[in-house]
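Secondary and tertiary structure notes
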Amino acid sequence: MSAKIIDGAQIAADLRADVAKDVEKIKAKGVQPTLAVILVGNDPASQSYVKGKTNALHEVGMNDRTFRLPETTTQDELLKLIKELNADKLVNGILVQLPLPKQIDPDTVIETISPEKDVDGFHPVNVGKLLLGHDTFIPCTPHGVIHLLKRTGIETSGAKVVIVGRSNIVGKPLSVLMMNKDVNATVTVCHSGTKNLPEVTREADILVAAMGKPQFIKADMIKKGAVVIDVGVNRIDDSSKKSGFRLVGDVDFEPACEIASAITPVPKGVGPMTIAMLVANTLVAAKRQNGLE
Ligand code: NDP
């Protein structure tokens, strides 16, 4: 079997095009959606993510206010900036690119962002709302995974979903979304304490890998005909590339294609969806803050 490749880049482009139409409409009403993006330090992967995010904002007609702060920034300096942006009526969303340098506590930073501007959906208030099924900002990567499944027409109701990874930004919120009634899956979440992982993953109708371990999920860990969603983004050495590295997912892609019925590639799978969901959340924030919902 040769799996259908789920085209995350195209699905994300369609979503951005929809957002752009809405941005035009609210601009006509005098609202200019604006996202503040804060990058602390010089981590190359973070710099590349921030570039991707600001490019997407511009593409859909939104403003970005990007702050590039030095590696030595103190927690107090960062919190002061966030508080100023919380109070700035022209800023609809605030995103602090993670990870942060070691002198800054990410939980304190996230809790300082106003929940109304927390377009990443990481603030405890928004996490609580997600769990309760209330309207909130849904974290972009898990939201992107759900959107990919829906747009690809994959049946989720009653499906057995196995998620490998329980992080606060991917695995945990995705498990909540997957068990919501509109998705209606039966969910198992695995982590480093899971015994006999391959036995569990082979049960999955939909297998989500979100571990950060390059090519860890082998073909013999996948049930024949399963849908495989690879969230992982890992840099591995590749001397044939100018950069000296290439990106791979958490799934051993080529052999997995022989077993799965559908699979997301890395890159151009979940990654572009994360960014598309960020601009979608920024649009929601701008509408809510201006009474346009
Ligand atoms: P974390 O490191 O926060 O979490 C990794 C999870 O995987 C943990 O729950 C960990 O278990 C689990 N895990 C690690 N090794 C194993 C193993 N051998 N067996 C079972 N479980 C294991 O990572 P993130 O959730 O932040 O990111 C995961 C991946 O997704 C990364 O590659 C990251 O780059 C990528 N990512 C991609 C995004 C995108 O837009 N495409 C966005 C965000 C992340 P335990 O809890 O026990 O330690």
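For the rest of this paragraph, the subject is the overall build of the protein. Each helix and strand in the protein was counted, giving ten helices and eleven strands. Taken against the 2.2 N^0.38 rule, which gives 19 Å for 293 residues, the C-alpha radius of gyration of the protein at 19 Å falls within 12% of a compact globule. Over its C-alpha atoms, taken along the principal directions, the protein stretches across nearly 55 × 40 × 35 Å. Out of the 293 residues in the protein, the part that is buried amounts to 49%. Carbon and sulfur atoms make up 53% of the accessible area of the protein, which totals about 13900 Å².

Bringing the environment of Val231 into the picture now. Tracing the backbone shows Val231 in the loop between strand E8 (227-230) and strand E9 (234-237). Using a relative accessible area of 13% as the deciding quantity, one classes Val231 as buried. Beyond its immediate stretch of four places on either side in the chain, Val231 contacts Thr141, Val145, Val170, Val208, Ala209, Ala210 and Val270.

For the rest of this paragraph, the subject is the site of the ligand. Around the ligand sit 22 residues, and of these Arg166, Ser167, Ser192, Val233 and Thr274 come closest. Here an oxygen atom of the ligand sits 2.5 Å away from a polar atom, N or O, in the side chain of Ser167. A distance of 2.7 Å separates an oxygen atom of the ligand from a polar side-chain atom of Thr274. Against a free-state accessible area of 920 Å², the protein chains account for coverage of 71% of the ligand. Broken down by element, the residue count for the shell around the ligand peaks at three residues, all from helix H10 (residues 270-289). Among the residues making up the shell around the ligand, the classes are represented as ten nonpolar, ten polar and two charged.

Take the domain arrangement of the protein next. Taken domain by domain, the protein holds domain 1 (32-114) and domain 2 (140-271). If you average the C-alpha positions of domain 1 and of domain 2, the two centres end up 28 Å apart.

Take the packing of helix H6 (residues 140-151) against helix H7 (residues 171-179) next. Geometrically, a packed helix pair is captured by the angle between its two axes and the distance between the axes. Interaxial distance between H6 and H7 falls to 9 Å at its minimum, and their mutual angle equals 40°. Where H6 crosses over H7, the handedness of that crossing is right-handed. Each of Pro142, His143, Val145, Ile146 and Leu149 in H6 lies in contact with H7, whose residues at this interface are Pro173, Leu174, Leu177 and Met178. Across the contact of H6 with H7, the residue classes tally to eight nonpolar, one polar and no charged.

About the thresholds
- Residues numbered from 1 in each chain as written.
- Predicted model: local features only at pLDDT ≥ 70, side-chain atom pairs only at ≥ 80, totals over all residues.
- Heavy atoms only, no water.
- Helix = DSSP H or I, 4+ residues; strand = E, 2+ residues; numbered from the N terminus.
- Rg over C-alpha atoms; globule rule 2.2 N^0.38 Å.
- Buried < 20%, exposed > 50% of the residue type's maximum accessible area, 1.4 Å probe, protein only.
- Areas by Shrake-Rupley, 256 points an atom, 1.4 Å probe, with all protein chains shown as cover.
- Contact = heavy atoms within 4.5 Å.
- Near = heavy atom within 4 Å.
- Polar contact = N/O pair within 3.5 Å; in protein donor to acceptor, adjacent residues only side chain to side chain.
- Nonpolar A, V, L, I, M, F, W, Y, C, P; charged D, E, K, R; others polar.
- Domains from an automatic or database assignment.
- Axes fitted to C-alpha atoms, helices over the stretch in contact; angles between N-to-C directions.
- Left-handed = near helix turned anticlockwise from the far one by under 90°.

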